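Secondary and tertiary structure notes
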Amino acid sequence: MDRDPSEDDSVADLSFEAESPVMPPDELLEGLPSYDWLLQGRGRRVFFPSLEVLGRSQEPASWSSVLEHRVPVVTEEVAREALLSFVNSQCCYSSVAAGNLIIQELRQQTLCRYRLETFSESRVSEWTFQPVTNHSVDGPQRGASPRLWDMKVQMPPMFQEDTRKFQVPHSSLVKECHKCHGRGRYKCSGCHGAGMVRCSSCSGTKRKARQPRRCHMCSGSGRRRCSTCSGRGNKTCATCKGERKLEHFVQLVIMWKNSLFEFVSPNHLHCPRELLAKARGENLFRDENATVYPIVDFPLRDISLASQRGIEEHNTALASRARILQQRQTIELIPITEVHYWYQGKTSVYYIYGTDHQVYVADYPERYCCGCTIL
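Residues numbered from 1 in each chain as written. Predicted model: local features only at pLDDT ≥ 70, side-chain atom pairs only at ≥ 80, totals over all residues. Heavy atoms only, no water.

As recorded in an unreviewed UniProt entry, the protein chain goes by the name Protein SSUH2 homolog isoform X2, listed as coming from Cricetulus griseus.

Below is the structure:
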């Protein structure tokens, strides 16, 4: 089989190497004058700017006007329609009970849900590499590299998470490939450089078992051309793609994250809290700014305390690893109706929650088991 003449002189010297790319030894990477503060050792480093003094958000003039908002009362007719709609959406529920049960009492109340969203940006620097091609290398000879927070990038819309990577200008270094030691190829792991492997059909015996004729798969030689390297004995280095050299450069990784703190005012209902946390509500209050401040003097003290706790938790968690770009806090009113009903001599209860009249029923009277469980 024909081989590239330029490869024959060093095939025997190729060491057995795994082809998955790994980071080179630290000593291969020269320190850049402008990056002495940037990279230390093999780990990533996170950088964040000093916090700026930001304006104070405005508190509403009076909570009384905010709380004048009222959610429409759930009537007996609405309660029955909500239950029928829920039952019809389930595969194991009969609508007979929903249509015939007797509603005895409707107990209505409202819960408050507080939410705090904190949109932040963190920047991470790391060494990475790519095969050297014909493009020019942007190294330190072209100038000093900018500091990470001096690099201007296009931000995503507020409160939309994203991750992007950028090559830091003037940070490139060219080195020979650390995987193939600049050869552009490595010894094949299938044949260990021989180009031939034992025939799998005759197991190298040159003849099929219990057959006098020679093996037709290897023509009686007992060996076949290696399918991994097509008989060449070596493969193109997967790290440098055969280019023999790598361009190492500092990569900026920017992560925009949206942290969420959520609190639902206490209640003594048997409706699962995770359902109430997802329920649709009526917006009572919304405050969005570069930073928000705790809500004060809200009629429900638990909401004021939750606001203080949420802001403190987010500021503490992000202070050492990210920059806060925007915060948003809201208070929503979640209506919930406890429906007491009588059916076939037994009293029970179900709940209607949210402005879209979702239903939770724990012990529906006519439910048939078909292998599914739906809240």
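Description of the overall build of the protein chain
The number of helices and strands found in the protein chain is 6 helices and 13 strands. Within the protein chain, the fraction of its 375 residues that count as buried is 42%. Residue pairs at least 24 apart in sequence account for 80% of intrachain contacts in the protein chain once pairs closer than 6 positions are excluded. For the protein chain, the accessible surface area stands at approximately 21300 Å², while carbon and sulfur atoms represent 48% of it. (Helix = DSSP H or I, 4+ residues; strand = E, 2+ residues; numbered from the N terminus. Buried < 20%, exposed > 50% of the residue type's maximum accessible area, 1.4 Å probe, protein only. Contact = heavy atoms within 4.5 Å. Areas by Shrake-Rupley, 256 points an atom, 1.4 Å probe, with all protein chains shown as cover.)

Side note on the nonpolar core
In a soluble, globular protein the nonpolar side chains are often hidden away together inside. Of all hydrophobic cores here, the largest spans 20 residues; its most connected members are L83, Y350, I352 and Y364. Residue assignment for this core shows that the elements contributing at least two residues are α3 (76-88), α4 (95-100), β11 (323-343) and β12 (346-353). The element contributing the most residues to this core is α3, with 5 residues. The contacts of Y364, once residues within four sequence positions are left out, are L83, V87, Y93, S94, S95, A97 and A98. Residues L284, V292, I311 and I331 belong to the second largest nonpolar core, which totals 15 residues. (Core = buried A, V, L, I, M, F, W, Y, C linked by side-chain atoms within 4.5 Å.)

Quick notes on helix α6 (residues 301-318)
Taking 1.5 Å per residue, 18 residues should reach 26 Å; α6 reaches 26 Å between its end C-alpha atoms and fits that length. Taken together, the buried positions of α6 are occupied by I303, S304, A306, S307, G310, I311, H314 and L318. Within α6, the buried residues cover an arc of 160 degrees as seen down the axis, which keeps them to one side. Opposite the buried face of α6, by more than 90 degrees, sit the exposed residues R301 and T316. The secondary structure elements touched by the buried residues of α6 are β2 (102-131), β9 (245-264) and β11. (Expected span 1.5 Å × (residues − 1). Arc of directions from axis to C-beta.)

Remarks on the pattern of salt bridges
Applying the stated criterion across every chain, the model contains 13 salt bridges. The shortest N-O distance in the salt bridge between E262 and R115 comes to 2.3 Å. Residue E262 is located in strand β9, and its partner R115 is located in strand β2; the two are separated by 147 residues in the primary sequence. Take E262: its relative accessible area is 33%, and that puts it in the partly exposed class. One salt bridge connects R280 with D356, and the closest N-O pair in it is separated by 3.7 Å. Of this pair, R280 sits in the loop between α5 (273-278) and β10 (282-289) while D356 is found in the loop between β12 and β13 (358-360), placing the two residues 76 residues apart along the sequence. Overlapping salt bridges, with partners in common, bring together R113, R115, E262 and E332 in one network. (Salt bridge = Lys/Arg side-chain N within 4 Å of Asp/Glu carboxyl O.)

Comments concerning the pairing of β11
Counting buried positions along β11 gives 18 out of 21 residues, so the element sits mostly inside the fold. Judged from the 7 bridges that link them, β10 and β11 form a sheet pairing that is antiparallel. Directly across from E282, in β11, lies its bridge partner L333. For β11 and β12, the ladder comprises 8 bridges, and the chain directions are antiparallel. Counted as the bridge partner of I336 is Y353 from β12. In this antiparallel pair of consecutive strands, β11 and β12, the connection spans 2 residues, and Q344 shows a positive phi of 50 degrees. (Pairing = 2+ DSSP bridges.)

Description of the packing of aromatic side chains
Across all of its chains, the model carries 6 aromatic pairs by this definition. Relative to F261, the ring of Y114 lies with its centre 6.3 Å away and its plane at 65 degrees, an arrangement referred to as edge-to-face. Placement of Y114 in strand β2 and of F261 in strand β9 is noted, with a sequence separation of 147 residues between them. Here the aromatic rings of Y351 and Y360 are separated by 6.5 Å at their centres, their planes lie at 25 degrees, and the arrangement is stacked. Residue classification places Y351 among the buried positions, given a relative accessible area of 2%. For Y360, a relative accessible area of 12% translates into the label buried. The aromatic ring of F159 is capped on one face by R328, whose charged end is 4.0 Å from the ring centroid. (Phe/Tyr/Trp six-rings, centres within 6.5 Å; stacked < 30°, edge-to-face > 60°. Lys NZ or Arg CZ within 6 Å of the ring centre and 35° of its normal.)

Examining the side chain of H314
If you trace the backbone, H314 turns up in helix α6. Excluding anything up to four places from it in sequence, H314 contacts L116, T118, S259, L260, F261 and Q327.

Concerning α3
With 13 residues, α3 ought to run about 18 Å at 1.5 Å a step, and its terminal C-alpha atoms sit 18 Å apart, in line with that. Along α3, the residues that are buried comprise A79, R80, A82, L83, F86 and V87. Down the axis of α3, the smallest arc covering the buried residues is 160 degrees, so these residues share one side. More than 90 degrees from the buried face of α3, the exposed residues found are E77 and N88. If you follow the buried residues of α3, they end up packed against α4, β2, β11, β12 and β13.

Here we look at unusual backbone geometry
Phi is positive for H170, which is not a glycine, with a value near 60 degrees. Its place among the elements puts H170 in the loop between β3 (162-167) and β4 (173-176). Not every positive phi belongs to a glycine, and H181 is a case in point at roughly 55 degrees. Considering the arrangement of structural elements, one finds H181 in the loop between β4 and β5 (185-187).

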